[in-house]
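Residue-level structural notes
For reference, the chains in residue letters:
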Amino acid sequence: EPEVTQTPSHQVTQMGQEVILRCVPISNHLYFYWYRQILGQKVEFLVSFYNNEISEKSEIFDDQFSVERPDGSNFTLKIRSTKLEDSAMYFCASSGEGGETQYFGPGTRLLVL
Amino acid sequence: AQKVTQAQTEISVVEKEDVTLDCVYETRDTTYYLFWYKQPPSGELVFLIRRNSFDEQNEISGRYSWNFQKSTSSFNFTITASQVVDSAVYFCALSEFMNTGFQKLVFGTGTRLLVSP
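Because the structure is a prediction, the values reported are computed rather than measured.

1. Quick word on the sheet that holds strand β7 (residues 65-68) of chain A
All names here are of chain A. Read across the sheet, 4 strands follow the order β1-β3-β8-β7 without closing on themselves; strand pairing throughout is antiparallel. Strands with a single pairing partner mark the edges of an open sheet, and in this sheet they are β1 (5-7) and β7. Along the sheet, successive strands turn relative to each other by an average axial angle of 20°, direction set aside. Inspection of the sheet shows strand β3 (residues 19-24) paired to strand β8 (residues 75-79) by 5 bridges, in the antiparallel sense. Within β8, the residue paired with V19 across the bridge is I79.

Structure below.
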């Protein structure tokens, strides 16, 4: 069964460093998303991406964040200068159509020290 | 704005008991989707069900069943004969269509279910 994959599963970084979180969405999906979950809290929308551009972003997704689809399979989230409060689980998701079910990857647990 | 409320923070049951997880939502959209996701201790989000706002039929899948009531804006989830493997955090989510026409998911705060042997 097709699934969304994410790498790395865990990442530890120093405050101020850049991190890139990688995702491989389900191959025939066209809509891509990033969400984050601060430990013990609910899952929050960050950004949606379609047709090689951001379609929507939340107030959390400030200038420190960027997304890219560098090739036909990968979808990345970059945090330019990490802050302590960026520590969270980051989930990638994809869907076939805009209104269809979003399938989530296993997440990347980011810890900023 | 859309909102999802899961009032039960944590529920503890003994194996084989039935348990119902509550979900109440608020939306201004006439067409929307409701979802349940399971988050086991390993952390991933596992899709369980998607329900269209026009379809109020209850659904059963094995030990799982869902009761969608538009009149009370609720989408409750029942596990029959619970098992230890059901222990997880369960999230109810609601689609929110944005100005661009794209949708995002709005999640509730989750209900942690502990099933003991």
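2. Quick word on the side chain of K38(B)
Residues and elements named next belong to chain B. The residue K38 is located in strand β5 (residues 33-39) in this model. Lacking a salt bridge, the buried K38 has D86 as its closest oppositely charged neighbour, with an N-O distance of 4.6 Å. Here V85 takes part through its backbone oxygen, which lies 3.2 Å from a polar atom of the side chain of K38. When near neighbours in sequence (up to four residues on either side) are disregarded, K38 contacts E44, L45, V46, L48, Y64, V85, D86, A88, V89 and Y90.

3. Re the pairing of strand β6 (residues 46-52) of chain B
Residues and elements named next belong to chain B. As paired strands, β5 and β6 are joined by 6 bridges and run antiparallel to one another. Its bridge partner being in β6, W36 is matched across the sheet by I49. Here β5 folds back onto β6 in antiparallel fashion, the turn holding 6 residues, of which G43 has a positive phi close to 105°.

4. Quick word on the environment of N52(B)
Residues and elements named next belong to chain B. Mapping N52 onto the fold places it in strand β6. Each C-alpha atom, one on N52 and one on S95, is 9.9 Å from the other, the two residues being 43 residues apart in sequence. What N52 contacts, discounting residues up to four positions off in sequence, is Y32, Y33 and F68. Within polar-contact distance, the side chain of N52 engages the backbone nitrogen of F54 at 2.7 Å.

What counts as what
- Residues numbered from 1 in each chain as written.
- Chains lettered and ligands numbered in written order.
- Predicted model: local features only at pLDDT ≥ 70, side-chain atom pairs only at ≥ 80, totals over all residues.
- Heavy atoms only, no water.
- Pairing = 2+ DSSP bridges.
- Helix = DSSP H or I, 4+ residues; strand = E, 2+ residues; numbered from the N terminus.
- Axes fitted to C-alpha atoms, helices over the stretch in contact; angles between N-to-C directions.
- Buried < 20%, exposed > 50% of the residue type's maximum accessible area, 1.4 Å probe, protein only.
- Lys, Arg positive; Asp, Glu negative; His and termini not counted.
- Salt bridge = Lys/Arg side-chain N within 4 Å of Asp/Glu carboxyl O.
- Polar contact = N/O pair within 3.5 Å; in protein donor to acceptor, adjacent residues only side chain to side chain.
- Contact = heavy atoms within 4.5 Å.

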